[in-house]
Amino acid sequence: MESEESLFVLGGSMTIEIAPGVVMPVALAFGLLIGSFLNVVIHRLPLGVSIAFPPSHCPACETKIKPWDNIPVLSYLWLRGLCRSCGSSISLRYPAVELVTGLLFVAIAWRFGPTWWTAIHCIFVAALIAAAMIDYDHQIIPDSISLGGLVMALLLVPAANAWYGAPYLEALLHGAVGATVGAGVLWLVAFMHARISVALGRQFDHWPGEGESLPHPTEADYWLWFPGLGLGDVKLLGMIGAVVGAVGVLDTILASSVIGLAFGAVQALARGALGEPFGFAPAIALGAIASLFLPELWLLSLYEF
Ligand SMILES: [Zn+2]
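Note that the structure is predicted; figures quoted are calculated from it, not measured. Every chain is numbered independently, its residues counted from 1 as its sequence is written. Under the rules for a predicted model, residues below a pLDDT of 70 receive no local features and side-chain atom pairs below 80 are neither given nor counted, while totals for whole chains, interfaces and linings still include all residues.

### Focus on unusual backbone geometry
Turning to step 1, where the next piece is worked out: Between Phe-53 and Pro-54 the backbone carries a cis peptide bond, its omega angle lying at -5°.
Turning to step 2, where the next piece is worked out: Only runs of H or I of at least four residues qualify as helices and only runs of E of at least two qualify as strands under DSSP, and these elements are numbered from the N terminus. When you line up the elements, Pro-54 lands in the loop between α1 (20-44) and α2 (74-78).
Turning to step 3, where the next piece is worked out: Positive phi values are uncommon outside glycine, yet Arg-80 reaches one of about 50°.
Turning to step 4, where the next piece is worked out: Within the element layout of this structure, Arg-80 appears in the loop between α2 and α3 (93-112).

Given below as C-alpha cells:
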C-alpha cells in the first residue's frame, strides 16, 4: 500500500491520483518551455513587435534558430553559449530565465500538487518573471501583463475557489479586496512620497521640472504621476493581490520593500551614486514569490503586533 504522501489527489468532483515522480519532471519540462517563451516575450513585448512572428533568430547575425538549437538550457550548453552560424555569444540570461521558470514550476507543483492552483500559480509566476525582467530592462511594466494578469486573476482565482467549494461571490470579493489592498497601499505610499518630495522642494525630470508648474489636484498628474514608483508597480500589486489575497499582498509589499532597499544599496555601491532610478518590479516579483511559499503573515509576524 502506498502512503498518502506519495500521491497527489485532484480535489473537487474529479479525483485522480498521480505519483510525484511523474508530476515533477512534467512541471520541469513545462517550466523550461514556458521560460523559453518568456525570453521572447521579455525581448519583444516592450518593442511592440509580434511575439509569434518572425521565429527566433540570432540577434547578431539574424540567422533563424533551428528547432534543435532552441531546446531550453540544453542547447545553450551544447552550443557552449555561442551562435551556431556566427559564433557570437548568447546571453546567459536566456538559459537562466528558462532554468528559474522550470525550477519555480517544480516548486509550485510540489507546493500545490495536481490542482487548479498549480496551473494558476504557474501563470502567475510566469507573469511576474516577464514583468520583472521587462521592468529591469526598460523601467516599464506593460499593461498587458499587469492589467491583463489582474483580469485573468479575477476570473481564475474565484473560479478555482468555487471549484473547491467556496461560495463564488465570496471568492470574487476576496480577490477584489486583495487587488484593492495591493494597488491601494502602494498607490498611497507613492502618492505620499510625491507630496513629501514636493514639500521638500525636490526636482524631477517631469514636474516640477524646468518651466513646469506643480500639478493641481484637479489634474490627473497630481494623483497618478509619481517620482520613483510608477503606476505600473501599483497595477502589478493589484494583480498580485487578486492572486494572493489582502494578507498575502501586505506580506509581498513588506518583503519587496526590504528586497528593494537591498537592491538599491547594492546598486549605489556598484555605481557610486545614490538615488539612481531602477525598476522596482524585480523586488515586487521576488516578494510575491516569497509570499507564495511562506505561510501568511510570516513577515508581519516578525513585528509582533
Ligand atoms: Zn548568430
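Alright, that's what it looks like, and here's the rest.
### Describing helix α6 (residues 168-199)
Turning to step 1, where the next piece is worked out: With 32 residues, α6 should reach 46 Å at 1.5 Å per residue; the first-to-last C-alpha distance of 46 Å fits that figure.
Turning to step 2, where the next piece is worked out: Residue pairs are scored as contacts if the distance between their C-beta atoms, which are placed from the backbone, is within 7 Å. If you follow the buried residues of α6, they end up packed against α5 (143-163) and α8 (231-271).
Turning to step 3, where the next piece is worked out: Of the residues flanking the end of α6, it is Gly-201, one or two places downstream, whose phi is positive at about 75°. Expected span of a helix, by definition, is 1.5 Å for each gap between consecutive residues, and there is one gap fewer than residues.

### A closer look at the nonpolar core
Turning to step 1, where the next piece is worked out: Formed by 58 residues in total, the largest nonpolar core has its most connected members in Val-125, Leu-128, Ile-129, Ala-130, Ala-131, Leu-237 and Ala-285.
Turning to step 2, where the next piece is worked out: For this core, the elements supplying multiple residues, two or more each, are α1, α3, α4 (116-138), α5, α6, α8 and α9 (281-293).
Turning to step 3, where the next piece is worked out: Sequence-distant contacts of Ala-131, defined by excluding residues within four places in its chain, comprise Ile-141, Ile-145, Ser-146, Leu-236, Ala-281 and Ala-285. Think of a nonpolar core as buried Ala, Val, Leu, Ile, Met, Phe, Trp, Tyr and Cys residues chained together by C-beta atoms that fall within 7 Å. Buried residues are those with 20 or more other C-beta atoms within 10 Å of their own C-beta, exposed residues have 12 or fewer, and partly exposed residues lie in between; C-beta atoms are placed from the backbone.

### So, α3
Helical geometry: 3.6 residues make up each α-helical turn, so side chains three or four residues apart lie on a common side.
Turning to step 1, where the next piece is worked out: Counted at 1.5 Å a residue, the expected span for α3 with its 20 residues is 28 Å, and the 28 Å between its end C-alpha atoms agrees.
Turning to step 2, where the next piece is worked out: For α3, the set of buried residues is Tyr-94, Pro-95, Val-97, Glu-98, Thr-101, Gly-102, Leu-104, Phe-105, Ile-108 and Ala-109.
Turning to step 3, where the next piece is worked out: Positioned one or two residues after α3, Gly-113 has a phi angle of 65°, which is positive.

### Structural notes on the packing of α4 against α9
Think of two packed helices as two axes; the pair is described by the angle between the axes and how far apart they sit.
Turning to step 1, where the next piece is worked out: Geometry is summarised by axes, namely lines fitted to C-alpha atoms with helices restricted to the contacting stretch, and by angles between N-to-C directions that run from 0 to 180 degrees. The N-to-C vectors of α4 and α9 enclose an angle of 160°; their axes lie 8 Å apart at closest approach. Judged by the inter-axis angle, α4 sits roughly antiparallel to α9. Considering only the axes of α4 and α9, their crossing is left-handed. Contacts from His-121, Val-125, Leu-128, Ile-129, Ala-131, Ala-132, Asp-135 and Tyr-136 in α4 reach Ala-281, Pro-282, Ala-285, Ala-288, Ile-289 and Leu-292 in α9. Roughly parallel refers to an angle under 35 degrees, roughly antiparallel to one over 145, roughly perpendicular to one between 65 and 115, and oblique to any angle outside these ranges. Less than a right angle of anticlockwise turn of the near helix away from the far helix marks a crossing as left-handed, whereas a clockwise turn marks it as right-handed.

### A look at the environment of Ile-129
Turning to step 1, where the next piece is worked out: The residue Ile-129 is located in helix α4 in this model.
Turning to step 2, where the next piece is worked out: For Ile-129, a count of 23 C-beta atoms within 10 Å corresponds to the buried category.
Turning to step 3, where the next piece is worked out: Separated by 28 residues in sequence, Ile-129 and Thr-101 place their C-alpha atoms 7.9 Å apart.
Turning to step 4, where the next piece is worked out: In this structure Ile-129 touches Leu-38, Val-97, Val-100, Thr-101 and Ala-285, once residues within four positions along its chain are discounted.

### A closer look at the confidence of the model for the protein chain
Turning to step 1, where the next piece is worked out: The pLDDT value expresses, per residue, how confident the predictor is, ranging between 0 and 100. Mean pLDDT over the protein chain: 86, with 88% of residues reaching 70 or higher.
Turning to step 2, where the next piece is worked out: Residue range residues 1-15 is modelled with pLDDT below 50. Its contacts to residues more than four positions away, or to other chains, number 20 contacts.

### A look at the environment of Glu-62
Turning to step 1, where the next piece is worked out: Residue position: Glu-62 is located in the loop between α1 and α2.
Turning to step 2, where the next piece is worked out: For the pair Glu-62 and Cys-86, spaced 24 residues apart in sequence, the C-alpha separation works out to 9.4 Å.

### Here we look at the packing of α8 against α9
Turning to step 1, where the next piece is worked out: At a minimum axis distance of 6 Å, the contact between α8 and α9 shows a crossing angle of 115°. Classified by chirality, the crossing of α9 by α8 is right-handed.
Turning to step 2, where the next piece is worked out: Nonpolar residues are Ala, Val, Leu, Ile, Met, Phe, Trp, Tyr, Cys and Pro. Charged residues are Asp, Glu, Lys and Arg, and all others, Gly as well, are polar. Tallied by class, the residues present in the contact of α8 with α9 amount to 14 nonpolar, 6 polar and 2 charged.

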